[in-house]
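Overview (structure and organization)
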Protein chains: 2
Amino acid sequence: MSKSVNKTITLKEVAAAAGVSVSTASRALSGKAEAYRISSATEQSVRKAAEKLQFSPSLLARSLRSQQTKLLGVVLPNVANPFFAAIAREITLAAEEEGYSVLLTDSQENSETEARLVDQLQARQIEGLVVCPVGIENRHLKSLAKQKLPLVLVDRGFDDPALVSVTSDHRAGAREGMQQLLEAGHKTIGVLQGLPKTLPNRERLAGVQAALEDQGLKYDPSLIAGHNFDEASGYAAAKILLTERPEITALFAFSNQNALGALRAASELGRTIPDDLSLIAFDDHPFAAYLAAPLSSVSQDVNQLGRVAARLLLEQIRTGTPPEQKHYQIPVQLIQRASIQPPA
Amino acid sequence: MSKSVNKTITLKEVAAAAGVSVSTASRALSGKAEAYRISSATEQSVRKAAEKLQFSPSLLARSLRSQQTKLLGVVLPNVANPFFAAIAREITLAAEEEGYSVLLTDSQENSETEARLVDQLQARQIEGLVVCPVGIENRHLKSLAKQKLPLVLVDRGFDDPALVSVTSDHRAGAREGMQQLLEAGHKTIGVLQGLPKTLPNRERLAGVQAALEDQGLKYDPSLIAGHNFDEASGYAAAKILLTERPEITALFAFSNQNALGALRAASELGRTIPDDLSLIAFDDHPFAAYLAAPLSSVSQDVNQLGRVAARLLLEQIRTGTPPEQKHYQIPVQLIQRASIQPPA
DNA sequence: ATGAAAGCGCTAACAT
DNA sequence: ATGTTAGCGCTTTCAT
C-alpha cells in the first residue's frame, strides 16, 4: 500500500508503461484489439499496465471526442417530495443499467428556474431529458423538442401532441374515486382541488364530472375549492366548503397533502371521519392505512410512471427517433379502506 | 422564428461571425475584456454575435481544459426514501447556487454498488462527493479521502477520525426519547432497532442505555429486537417482543417505518395505543400527527443535515483543505404527541 | 499489427 | 488590443 497521493493516470502513461503508442493502448482497452488485429501479447501488456496504474479513462475527454456524454438530465419541481423522489429513483436505476449518469435538478416549482436549469443541462450536453413541468408554460420545452433533444414529460403533461409524456390516468382515477363516494350514497360531495390549470387537475375534474353525470347528477362548481396540492390549500378549502355548505357529506381530496389539510379542518369543525364525513384522496401513502380512519385512496403507480419515462427516453436516444405514440397513460388503482361510509 | 434544427454553436463560429479570433471571443465572453484590454467595440460585437447565434459554451470542453468540472457526486442508499430525498434536495439547491451540478446515484443499500458508483463518479471527475454510506465497509471511502477528493459522509458516519461526517445526535435523541417513556412510568420497554452494526443504531442503543442508567435501571439486551429500519423488521420485532415479553408496556421504534410495523403488530395482538401500549419513534413524519394515536417522535433535522453537508463540501472544494472539525452533530427535536401514556 | 496525427471546443501562455 | 499556438485526454483516420 502506497501512501502517496494517487494522481490521475492518463492513457498516455499507460501506453508508456506498456511500451506502445496511445492509439494502441486505446484500442487494446476498449475491446477493439480484435478489430485492429492487435497481438494478444500487446493487448495483455496494456491491460496489465492499466491495471497496475489503476487507470480510469477520463469520461470528460471521451465525451468531448465522441460527442456522447452518456448523461441524462432530470428536472423536478421538488426533489424532496416522495412522489418525485420515486420518479428520480426509477430514472436513476434505469440509467445506471445502461451506463448513463443522471444530472438531477430542482426547479422549486418555478417555471423560470425550470427553463434556466434546462439550458444549463443542455450546456452539459445531456443526451436526453426528463422533466416534470411546473406549470402551464411550455415554450422552452417545445423548443427543446424542436432541437431534437430526446425529451419525456412526466406527471404533468401538456396536451401538446408534439411532446412525449407519461401521466397517470387521472381522469379514470378521479371517476372511480368519485364513484366510491356516490355508491356509498353521497349526494353532496366537496372537491379539494390542486393547482387549477395543470393537466392532472383538469383531468381529475373531468373525471369527477363524468362520475356525476353517470349518476344523472349535475356538476356544481361551487363545490370545488382549493388552489394547490399542499396541506395548506387542503385545509383552507375544506374549512370553507364545510362551513359554507354544511350539507356536504363527503370530500374528495386531490392529493394526500390536501387530505391531511381536510383532516385538520374536519377535526377543528368537530366532524369525525368516517361517521360525520367521508373522505377519499388521490395518491396513496404508507401511513394511510394507519390513520385514525384508514384512508381510502386512488393510488398512482409512481414507480411505473418513472420506469416508463426512463424506458421511453433511453429508447428515443438509442433509436434516434421519438416514439410514435406520444402520450402514455398509467392506470391508477383504487385502494378501499374505512374512510368512506354512507351518509348519516 | 426559424424552423430549422439549431445545431450546436461553437466559439469558433461566434468568432467568425464577429470577425475576431477565438481567443478574443473567449475573452470577451468570459468577462476578461478589461484584463486583456479588448476594445469595448469588439467586446460588444462578440456579445452580439453570441446572442444572435444563441451560443452556449460547451461545459465539456471547458471542463477538460480547466480540469474543473463543477460537478458534485451524491451517493444515496435509496433515492426514493423521503429522508434521503430531502438530503439530495438540500445538496442540489446549495450546489446550484454556486454553479455546481449534481450527479445523483442510488447504491440500493449495497456496499459493492456503492463502491462501483463512487468509481464511476470519479471517472467523471467530480470535484466533491457526498455519500450516505450503506454499511460498515468503508475502505473505498478512506481511499477517496487519501486521494484528496473532498468527501462528506452524511447520516451514517463512521467513527473514523479521518473522514468528515455529518450526523444527527442519535445518542442524545435516543436518550431523550427513552426519558419520555421512563418519565411516564414505564419500566419494561422494548426497543425496535434498525440495522445493528451501523453507527446510528449503535449510538441510539447507547442513548437508550444511558437513559436507563440515569434512572438506575439496567439495560436488558433481550428487550432489543429487529434487524433493519424497514416496516417488516419493525413488525417482526414487535410481534416477537410483545409475545415473548407480555410485561412490556412501551416500545421505542428506531425509525418511523419500524413504528408502522409496530402499529400493525400491536393491532394484531389486540393492544391499543396508547392505552395498552405506549410508542415513540425516531424520525418524525407529516402523517404522524394524524394517526389513530398521534405519534410522539424524535425528529431529525434532515434539511439541516443536508445543508451542513453541502456547505462543508463546497467549503472544502473552495479552500482546498478539509475542515478542522471532522464530525458535525445536528441536534434532534422531541415532538410530543399522544402515543405515550402511563402504564395501566 | 502498430504508430502518427488530427481534432472534439475551450482557455491561456506567448507572441506581436 | 488582438492573433497564434499549444494542449486538456481521448478516439479514429490514415499511413506504414
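Residues numbered from 1 in each chain as written. Chains lettered and ligands numbered in written order. Predicted model: local features only at pLDDT ≥ 70, side-chain atom pairs only at ≥ 80, totals over all residues. Heavy atoms only, no water.

1. Thoughts on the overall build of chain A
Counting secondary structure elements, chain A contains 12 helices and 12 strands. Taken against the 2.2 N^0.38 rule, which gives 20 Å for 344 residues, the C-alpha radius of gyration of chain A at 27 Å runs more than 25% over that of a compact globule. The principal-axis extents of the C-alpha atoms in chain A amount to approximately 90 × 45 × 30 Å. For chain A, the proportion of its 344 residues judged to be buried stands at 53%. Pairs at least 24 apart in sequence give 70% of the contacts found in chain A among residues at least 6 apart. (Helix = DSSP H or I, 4+ residues; strand = E, 2+ residues; numbered from the N terminus. Rg over C-alpha atoms; globule rule 2.2 N^0.38 Å. Buried < 20%, exposed > 50% of the residue type's maximum accessible area, 1.4 Å probe, protein only. Contact = heavy atoms within 4.5 Å.)

2. As for the protein's contact with DNA strand D
The full set close to DNA strand D counts 26 residues, and Leu11(A), Arg65(A), Ser23(B), Tyr36(B) and Thr42(B) are the nearest of them. Counting only the atoms of DNA strand D that lie within 4 Å of the protein, the sugar and phosphate share comes to 61%. Separating a phosphate oxygen of DNA strand D from a side-chain N or O atom of Thr42(B) is a distance of 2.7 Å. Breaking the surface near DNA strand D down by element, the ones donating at least two residues are α2 (22-29) and α4 (59-66) of chain A together with α2 (22-29) and α4 (59-66) of chain B. Partitioned by chemical class, the residues of the surface near DNA strand D number nine nonpolar, 10 polar and seven charged. (Near = heavy atom within 4 Å. Polar contact = N/O pair within 3.5 Å; in protein donor to acceptor, adjacent residues only side chain to side chain. Nonpolar A, V, L, I, M, F, W, Y, C, P; charged D, E, K, R; others polar.)

3. Thoughts on the UniProt feature "domain: HTH lacI-type" (unreviewed entry) in chain A
What UniProt calls "domain: HTH lacI-type" (unreviewed entry) maps, in this numbering, to residues 9-66 of chain A. Helix makes up 66% of residues 9-66 of chain A and strand 0%. Its end C-alpha atoms lie 20 Å apart. (UniProt positions renumbered as here; feature names shortened; annotations may be inferred.)

4. Things to note about the UniProt feature "domain: HTH cro/C1-type" (unreviewed entry) in chain A
Mapped onto this numbering, the UniProt entry gives "domain: HTH cro/C1-type" (unreviewed entry) at residues 9-60 of chain A. Along residues 9-60 of chain A one finds 62% helix and 0% strand; the C-alpha atoms at either end are 14 Å apart.

5. Re unusual backbone geometry
Ile273(A) connects to Pro274(A) through a cis peptide bond whose omega is 5°. Residue placement: Pro274(A) occurs in the loop between α11 (256-268) and β9 (278-282). Phi is positive for Asp155(A), close to 75°, though the residue is something other than glycine. Along the polypeptide, Asp155(A) turns up in the loop between β4 (151-154) and β5 (165-168). In this model, Glu109(B) sits at a positive phi of 55°, which is unusual for a non-glycine residue. Following the sequence through the fold, Glu109(B) ends up in the loop between β2 (101-106) and α6 (111-123).

6. Description of the relation of the copies chain A and chain B
Take chain A, turn it by 180°, move it 0.0 Å along the axis, and it overlays chain B with an RMSD of 0.1 Å. Both copies are brought into coincidence by an operation consistent with a two-fold rotation axis. Interface overlap between copies is the fraction of interface residues in one copy that are interface residues in the other; for chain A against chain B it reaches 100%, indicating a shared surface. (Least-squares fit on C-alpha atoms with pLDDT ≥ 70 in both.)

7. Topic: the protein's contact with DNA strand C
Around DNA strand C, the structure places 25 residues, and the nearest of them are Thr24(A), Tyr36(A), Thr42(A), Leu11(B) and Arg65(B). Those atoms of DNA strand C that come within 4 Å of the protein belong to sugar or phosphate at a rate of 65%. A distance of 3.3 Å separates a phosphate oxygen of DNA strand C from a polar atom in the side chain of Gln67(A). Arg62(B) places a polar side-chain atom, nitrogen or oxygen, 2.9 Å from a phosphate oxygen of DNA strand C. For the surface near DNA strand C, the elements supplying multiple residues, two or more each, are α2 and α4 of chain A together with α2 and α4 of chain B. Here the surface near DNA strand C is built from residues that sort into eight nonpolar, 10 polar and seven charged.

8. Section: the domain arrangement of chain A
On domain assignment, one finds that chain A holds domain 1 (11-65), domain 2 (68-168 + 302-331) and domain 3 (170-300). Taking only C-alpha atoms into account, the centre of domain 1 of chain A sits 36 Å from that of domain 2 of chain A. (Domains from an automatic or database assignment.)

9. Considerations on the packing of helix α8 (residues 170-183) of chain B against helix α9 (residues 199-214) of chain B
Helix packing for two helices is described by the angle between their axes and how far apart those axes are. All names here are of chain B. Packing of α8 against α9 brings their axes to within 7 Å, and their N-to-C directions diverge by 40°. Looking at the two axes, α8 sits oblique to α9. Here α8 and α9 pass one another in a crossing that is right-handed. Within the contact between the two elements, α8 uses His170, Arg171, Ala174, Arg175, Met178, Gln179 and Leu182 and α9 uses Pro200, Glu203, Arg204, Ala206, Gly207, Val208, Ala210, Ala211, Leu212 and Asp214. (Axes fitted to C-alpha atoms, helices over the stretch in contact; angles between N-to-C directions. Parallel < 35°, antiparallel > 145°, perpendicular 65-115°, else oblique. Left-handed = near helix turned anticlockwise from the far one by under 90°.)

10. Some remarks on the pairing of strand β6 (residues 189-192) of chain B
All names here are of chain B. Side chains Ile189 and Val191 project from β6 onto one buried face, and the interleaved Gly190 and Leu192 project onto a second face that is buried too. Sheet topology places β6 next to strand β8 (residues 250-253); four bridges connect them, and they run parallel. Across the sheet, residue Gly190 finds its bridge partner in β8, namely Leu251. Read from β6 through α9 to strand β7 (residues 224-225), the crossover connection turns out right-handed. (Pairing = 2+ DSSP bridges. Right-handed = clockwise from strand over helix to strand, strands pointing away.)

11. Quick word on the nonpolar core
Val166(A) and Val166(B) are the most contacted members of the largest nonpolar core, which totals 64 residues. Excluding residues that lie within four positions of it along the chain, Val166(A) makes contacts with Val152(A), Leu153(A), Val154(A), Asp155(A), Leu305(A), Val308(A), Ala309(A), Leu312(A), Tyr328(A) and Ile330(A). (Core = buried A, V, L, I, M, F, W, Y, C linked by side-chain atoms within 4.5 Å.)

12. Regarding α11(A)
All names here are of chain A. End to end, α11 covers 18 Å across 13 residues, agreeing with the expected 18 Å (1.5 Å per residue, within 8%). Within α11, the full set of buried residues consists of Asn256, Asn258, Ala259, Leu260, Gly261, Ala262, Leu263, Ala265 and Ala266. Its buried side turned inward, α11 meets β6 (189-192), α10 (231-244), β8 (250-253) and β9. Capping of α11 at its N-terminal end is provided by Ser255; its side-chain oxygen lies 3.3 Å from the backbone amide nitrogen of Gln257. Directly beyond the C-terminal end of α11, a positive phi value near 75° is found at Gly270. (Expected span 1.5 Å × (residues − 1).)

13. Considerations on the sheet that holds strand β7 (residues 224-225) of chain A
Two strands in a sheet stick together by hydrogen bonds in their backbones, pointing the same way (parallel) or opposite ways (antiparallel). Residues and elements named next belong to chain A. Pairing is mixed in the open sheet, where six strands are placed in the order β7-β6-β8-β9-β10-β12. At either margin of the open sheet sits one strand with a lone partner, and together these are β7 and β12 (333-335). The pairing of strand β10 (residues 296-299) with β12 spans three bridges and is classified as antiparallel. Across the sheet, the residue bridging to Ser297 is Ile335, located in β12. Against the sheet, helix α8 (residues 170-183) touches β6, β8, β9, β10 and β12, its axis set at about 170° to β9. In the packing of α10 onto the sheet, contacts are made with β6, β7 and β8, and the angle to β6 comes to roughly 155°.

14. Some details on the interface of chain A and chain B
On the side of chain B, 55 residues touch chain A, which itself brings 55 residues to the contact. Buried area between chain A and chain B, both sides added, is near 4,900 Å², and the carbon and sulfur share of it is 63%. Our count for the chain A to chain B interface comes out at four salt bridges. In this structure, the salt-bridge partner of Asp106(B) is Arg89(A), at a minimum N-O distance of 2.6 Å. Linking chain A to chain B there are 23 residue pairs in polar contact (both at pLDDT 80 or more). Elements represented by at least two residues in the side of chain A that touches chain B include exactly α4, α5 (82-97), β2 (101-106), α6 (111-123) and α11 of chain A. With eight residues, the top contributor of residues to the side of chain A that touches chain B is α5(A). Here the residues of the side of chain A that touches chain B sort into 27 nonpolar, 17 polar and 11 charged. As paired elements, β2(A) and β2(B) share three bridges and run antiparallel to each other. Opposite Leu104(A), over in β2(B), you have Val102(B) as the bridge partner. (Buried area = accessible area lost by both parts, 1.4 Å probe. Salt bridge = Lys/Arg side-chain N within 4 Å of Asp/Glu carboxyl O.)

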